[in-house]
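So you can see what is in the structure, the chains are spelled out below.
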Amino acid sequence: MNMDFNLFMNDIVRQAREEMVASGYKELRTPEEVEEAFAKKGTTLVMINSVCGCAGGIARPAAAHAIHYDKRPDHLVTVFAGQDREATAKARSYFEGYPPSSPSFALLKDGKICTMVERHEIEGHDPMSVVRKLQEAFDKYCDEV
């Protein structure tokens, strides 16, 4: 059996994108879309997506479940590391003090970084511990729904 690696990877990327959109996140695929989204008033949760196992098994499920909470961000967006490179680089330019990390989450308020949940806080952890970290950040920075 001969499998085309690029076809396989394209399917994985497509599924990862669809999973985030189905969870209520808006995909940002260009630097201009990032600038427009981050200029909005209020809180914005950014999920830096990737194709690694911890993204699919931990980060994306946590992204989907964390937002079902009394306090949640005003805006939900996602960029895809390794796929939409320019958009991801633009998003990371807002995350002052944090090294590039994917998957990860950034919480911004009025376009300024408040906190991040970095890869080392995702990889090797269970989805519910990441949900708790996100919801702790929501408690601190977000208004009630």
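Here the structure is shown first, and the text comes after it.
Calculation notes
- Residues numbered from 1 in each chain as written.
- Predicted model: local features only at pLDDT ≥ 70, side-chain atom pairs only at ≥ 80, totals over all residues.
- Heavy atoms only, no water.
- Helix = DSSP H or I, 4+ residues; strand = E, 2+ residues; numbered from the N terminus.
- Rg over C-alpha atoms; globule rule 2.2 N^0.38 Å.
- Buried < 20%, exposed > 50% of the residue type's maximum accessible area, 1.4 Å probe, protein only.
- Lys, Arg positive; Asp, Glu negative; His and termini not counted.
- Charge placed at Lys NZ, Arg CZ, Asp CG, Glu CD.
- Salt bridge = Lys/Arg side-chain N within 4 Å of Asp/Glu carboxyl O.
- Patch = residues over 30% accessible without salt bridge, like charges linked within 9 Å, V, L, I, M, F, W, Y side chains within 5 Å.
- Areas by Shrake-Rupley, 256 points an atom, 1.4 Å probe, with all protein chains shown as cover.
- Axes fitted to C-alpha atoms, helices over the stretch in contact; angles between N-to-C directions.
- Left-handed = near helix turned anticlockwise from the far one by under 90°.
- Contact = heavy atoms within 4.5 Å.
- Nonpolar A, V, L, I, M, F, W, Y, C, P; charged D, E, K, R; others polar.
- Disulfide = S-S within 2.5 Å.
- Expected span 1.5 Å × (residues − 1).
- Polar contact = N/O pair within 3.5 Å; in protein donor to acceptor, adjacent residues only side chain to side chain.
- Phe/Tyr/Trp six-rings, centres within 6.5 Å; stacked < 30°, edge-to-face > 60°.

Account for the overall build of the protein chain, naming residues and giving values.
Looking only at helices and strands, the protein chain features five helices and five strands. Starting at the N terminus and walking to the C terminus, you meet the elements of the protein chain as α-β-α-β-α-β-α-β-β-α. Relative to a compact globule of 145 residues, whose C-alpha radius of gyration would be 15 Å, the protein chain shows 15 Å and is just as compact. In terms of its C-alpha atoms, the protein chain occupies a principal-axis envelope of roughly 55 × 35 × 25 Å. Taking all 145 residues of the protein chain together, the buried fraction comes to 43%. Averaging the positions of the 18 positive and the 23 negative side-chain charges in the protein chain gives two centres separated by 2 Å.

How would you explain the pattern of salt bridges if you had to name every residue and give the values?
Inspection of the entire model under this criterion finds nine salt bridges. The shortest N-O distance in the salt bridge between Glu 18 and Arg 14 comes to 3.0 Å. Taken together, the positions of Glu 18 and Arg 14, both in helix α1 (residues 5-22) and four residues apart, correspond to about one turn of that helix. Relative accessible area serves as the criterion here: at 44%, Glu 18 is assigned to the partly exposed category. When the shortest N-O distance is used, the salt bridge between Glu 35 and Lys 90 registers 3.1 Å. Here Glu 35 is found in helix α2 (residues 31-38), whereas its partner Lys 90 is found in helix α4 (residues 85-92), with 55 residues between them in sequence. Three or more residues are tied together by salt bridges with common partners; here these are Arg 17, Glu 27, Arg 29 and Asp 84.

Any details on a negative patch on the surface? Residues and values, ideally.
Side chains of Asp 70, Asp 74, Asp 110, Glu 136, Asp 139, Asp 143 and Glu 144 sit close together on the surface and give a patch of like negative charge. With respect to the helices, strands and loops of the structure, Asp 70 is situated in the loop between α3 (53-66) and β3 (75-80).

Could you give an account of the packing of α2 against α4, with specific residues and numbers?
For the pair α2 and α4, interaxial distance at closest approach is 7 Å and the crossing angle is 35°. Regarding α2 and α4, the two cross each other, and that crossing is right-handed. On α4, the residues that touch Pro 31, Val 34, Glu 35 and Phe 38 of α2 are Glu 86, Ala 87, Lys 90 and Ala 91. Residue composition of the contact of α2 with α4, grouped by class: five nonpolar, no polar and three charged.

Lay out the side chain of Ser 50 in plain terms, naming residues and giving numbers.
Among the secondary structure elements, Ser 50 is positioned in the loop between β2 (43-49) and α3. Assessed through its relative accessible area of 7%, Ser 50 is described here as buried.

So what's going on with the state of the cysteines? Residues and values would help.
Under the counting rule described, the total for this entry stands at zero disulfides. Unpaired in this structure, Cys 52 has its nearest cysteine sulfur neighbour in Cys 54, at a distance of 3.3 Å. Overall, the relative accessible area of 9% leaves Cys 54 in the buried class.

Let's hear about helix α5 (residues 127-141): which residues, and what values?
Between its first and last C-alpha atoms α5 spans 21 Å; for 15 residues at 1.5 Å apiece the expected length is 21 Å, and the two agree. Every buried residue of α5 is accounted for by Ser 129, Val 130, Val 131, Leu 134, Gln 135, Ala 137 and Phe 138. Here the buried face of α5 lies against β2, α3, β4 (104-109) and β5 (112-117). Two or three places before Met 128, at the start of α5, stands the capping residue Asp 126, its side-chain oxygen 3.1 Å from that residue's backbone nitrogen.

Any chance you could break down the packing of aromatic side chains for me, citing the residues and the numbers?
Applying the stated rule across the entire model yields one aromatic pair. Pairing Phe 38 with Tyr 94 gives two aromatic rings, centres 4.7 Å apart and planes at 85°, and the pair type is edge-to-face. Here the residue Phe 38 occupies a position in helix α2, and Tyr 94 occupies one in the loop between α4 and β4, the gap between them amounting to 56 residues.

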